[in-house]
Each structure stands twice: as C-alpha cells, then as structure tokens.
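# Overview (structure and organization)
This is what each chain is made of:
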Amino acid sequence: VVSVNDKLFVGSSDMTSGTYANCVKSYDRGSKSMLGRTGYWDATRLMHLTGTTIELVDLSINLIPVDLSYYQFDANGVPVSRLNDSYHSDYQMDVSVFRSFPDGSRFITSGYGTVFNKSLLFDRYLKPNGTYADFAFNDDASRIYSADRVQKKIDVIAYPSTTLVTSYPLQWYPYKIFRDNTTLLCISKTYNYQLTYLLIERVNL
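This text gives an overview of the structure that appears in the document.

Rules of the game
Residues numbered from 1 in each chain as written. Predicted model: local features only at pLDDT ≥ 70, side-chain atom pairs only at ≥ 80, totals over all residues. Heavy atoms only, no water. Helix = DSSP H or I, 4+ residues; strand = E, 2+ residues; numbered from the N terminus. Rg over C-alpha atoms; globule rule 2.2 N^0.38 Å. Buried < 20%, exposed > 50% of the residue type's maximum accessible area, 1.4 Å probe, protein only. Pairing = 2+ DSSP bridges. Axes fitted to C-alpha atoms, helices over the stretch in contact; angles between N-to-C directions. Phe/Tyr/Trp six-rings, centres within 6.5 Å; stacked < 30°, edge-to-face > 60°. Lys NZ or Arg CZ within 6 Å of the ring centre and 35° of its normal. Patch = residues over 30% accessible without salt bridge, like charges linked within 9 Å, V, L, I, M, F, W, Y side chains within 5 Å. Areas by Shrake-Rupley, 256 points an atom, 1.4 Å probe, with all protein chains shown as cover. Salt bridge = Lys/Arg side-chain N within 4 Å of Asp/Glu carboxyl O. Polar contact = N/O pair within 3.5 Å; in protein donor to acceptor, adjacent residues only side chain to side chain. Contact = heavy atoms within 4.5 Å.

### Considerations on the overall build of the protein chain
Looking only at helices and strands, one finds zero helices and 19 strands in the protein chain. The C-alpha radius of gyration computed for the protein chain amounts to 18 Å, which stays within 12% of the reference 17 Å derived for 205 residues, consistent with globular compactness. Once the C-alpha set of the protein chain is aligned to its principal axes, its extents read approximately 50 × 40 × 35 Å. Going through the 205 residues of the protein chain one by one, you find that 42% of them count as buried.

Below, the structure is given as structure tokens:
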C-alpha cells in the first residue's frame, strides 16, 4: 500500500474483475471508497515517484522474470495512463531493492543499481555484479549512497558518471539506509545461532 495526497494505492491479488489487469486499486483514504482500478499483474510492490503528483511504478512479486510497470493517476485518484516495460528480463530488477530518485524522474532497483527513467527506459548500472541492499540520495541525486550487503560498507557513487567517490565501512551487514541531512541511518543485520538481529548504525557524511 502506498499513501499519496490522501489516497491509498494498493497492489492487490483481487481478480474479482476477471483479469490480472485490474489488481492495482486506488481508494479515498477518508471514506475508504474505491476510486479506480488499473494494472497489469496481481501481487506487485508499488512505489511513489517522489516529487510527482501521483505517478507510481511497480514490480511484480510472484513472476519470473520480474515485470515492471508505470501508472499515472489524476488528483482524484482515477487512473489516467499506464505503461509496461518492453525489456522483460533484459536488465536486473529486484522487488526488495527499489528506490525513487528525489525528483521522481528516475528510480533504482537491484543489487546492481539498475537505473530506469520513468518512461521505463534503462539508463545505466551503478555496478554490474554489485551486491547492494538499498540506496539513498543527496538532494540533487548527484551522489547515490549504496549499501553493500556483502562487504559491509556504504559506497558513495557520483551520478551520472557512476564514479566511486568514497566508501564508509560498517560494523554489520546493511539492510536499509536513510539520509537525515548530513547523517546516514543504516539498519544493519547480524546473525548469531540462527537468530537475526537488527541494529542501527550512523554514518556522518
């Protein structure tokens, strides 16, 4: 579920309409009344493109290869347009690694740091064969903070050149990262006797 402008957008498994192509549903948050349906597949993870009025992309959860789609809604939460990607597995995508650029013009997914624009056109990889778990950005997206889940570090990568600027070592294995002004907050994992612990690490930029 994604909440934007007092509307709720749901990637559902509801096929009562008789087709996969109506499983993305929009609701008024106050009244809970349904405003519209669209989509290509059931069971998708939706993400709002930051800075846009109501534009979203989604990745399929239960399809191999992963499928990518774009949706635009009007101010009332009614579907206006939709677009499905034309690549269908040409580029790496991962439903668990999925972030919007600050201006909503692009988004990034997968451990490789696969960047697409919102027309669903491939832009570039940050690091082919990369092992990134999550991403964050500075204000203008000229720096992408990339959390490496294998090497226990955060790479700072210049965009669009994809040049490595610097790296910050971590104590544990990063899972999610968030930028708070000049600090990166990193939710990290560690393991002990089949138990997983989540810990918070701070990185001063």
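Picking up where we left off.
### Regarding the sheet that holds strand β5 (residues 44-48)
For sheets, the rule is that strands pair by backbone hydrogen bonds, running either parallel or antiparallel. Spatially, the four strands line up as an open sheet ordered β5-β6-β7-β8, and their pairing is antiparallel. In this open sheet, the two edge strands, each paired with only one partner strand, are β5 and β8 (79-84). If you compare each strand with its neighbour and ignore which way they point, the axes differ by 20° on average. When strand β6 (residues 55-60) meets strand β7 (residues 68-73), the two strands line up antiparallel, connected through five bridges. Across the sheet, the residue bridging to L59 is L68, located in β7.

### Digging into the packing of aromatic side chains
All told, the structure shown has 17 aromatic pairs when counted by the stated rule. When the ring of F9 is compared with that of F73, the centres are 4.7 Å apart and the planes differ by 55°; the resulting orientation is tilted. With F9 in strand β2 (residues 7-11) and F73 in strand β7, this residue pair connects regions lying 64 residues apart in the sequence. Each member of the pair, F9 together with F73, is buried. Ring-pair connections join several aromatic residues into one group, and the members of that group are Y87, Y91, F98, F107, Y112, F116, F122 and Y125. Over the aromatic face of Y175 sits the side chain of K176, whose NZ or CZ is 5.5 Å from the ring centroid.

### So, a nonpolar patch on the surface
There is a patch of nonpolar side chains on the surface, built from M15, Y20 and W41 and spanning about 280 Å² of accessible area. Structurally, the position occupied by M15 is in the loop between β2 and β3 (24-28).

### Overview of the environment of T16
Mapped onto the secondary structure, T16 falls in the loop between β2 and β3. T16 sits 100 residues away from F116 along the chain, and the two C-alpha atoms are 32 Å apart.

### Side note on the side chain of K153
In this structure, K153 sits in strand β15 (residues 153-158). For K153, a relative accessible area of 18% puts it in the buried group. Within polar-contact distance, the side chain of K153 engages the side chain of D155 at 3.3 Å. In this structure K153 touches S146, A147, D148, S167, Y168, P169, L170 and P174, once residues within four positions along its chain are discounted.

### Focus: the pairing of β3
Where a strand is regular, its side chains alternate between the two sheet faces. The buried count for β3 comes to four of five residues, which makes it a mostly enclosed element. Of the strand pairs in this sheet, β2 and β3 are connected by five bridges, and their pairing is antiparallel. By the bridge assignment, L8 is partnered in β3 with Y27. The sheet contact formed by β3 and strand β4 (residues 34-38) spans four bridges and is antiparallel. Within the sheet, the bridge partner assigned to Y27 lies in β4 and is M34.

### Observations regarding the environment of H88
With respect to the helices and strands, H88 occurs in the loop between β8 and β9 (98-100). Taking C-alpha positions, H88 is 6.3 Å from D67, a pair spaced 21 residues apart along the chain. The residues touching H88, leaving out its near neighbours within four places in the chain, are P65 and D67.

### Here we look at the sheet that holds strand β19 (residues 195-204)
With antiparallel pairing, three strands are arranged side by side in an open sheet as β17-β18-β19. At either margin of the open sheet sits one strand with a lone partner, and together these are β17 (173-180) and β19. The mean inter-strand angle of the sheet, taken between neighbouring strand axes irrespective of direction, is 20°. Where strand β18 (residues 183-192) lies against β19, ten bridges are found, and the strand directions are antiparallel. Residue pairing in the sheet places Y191 in a bridge with T196 of β19.

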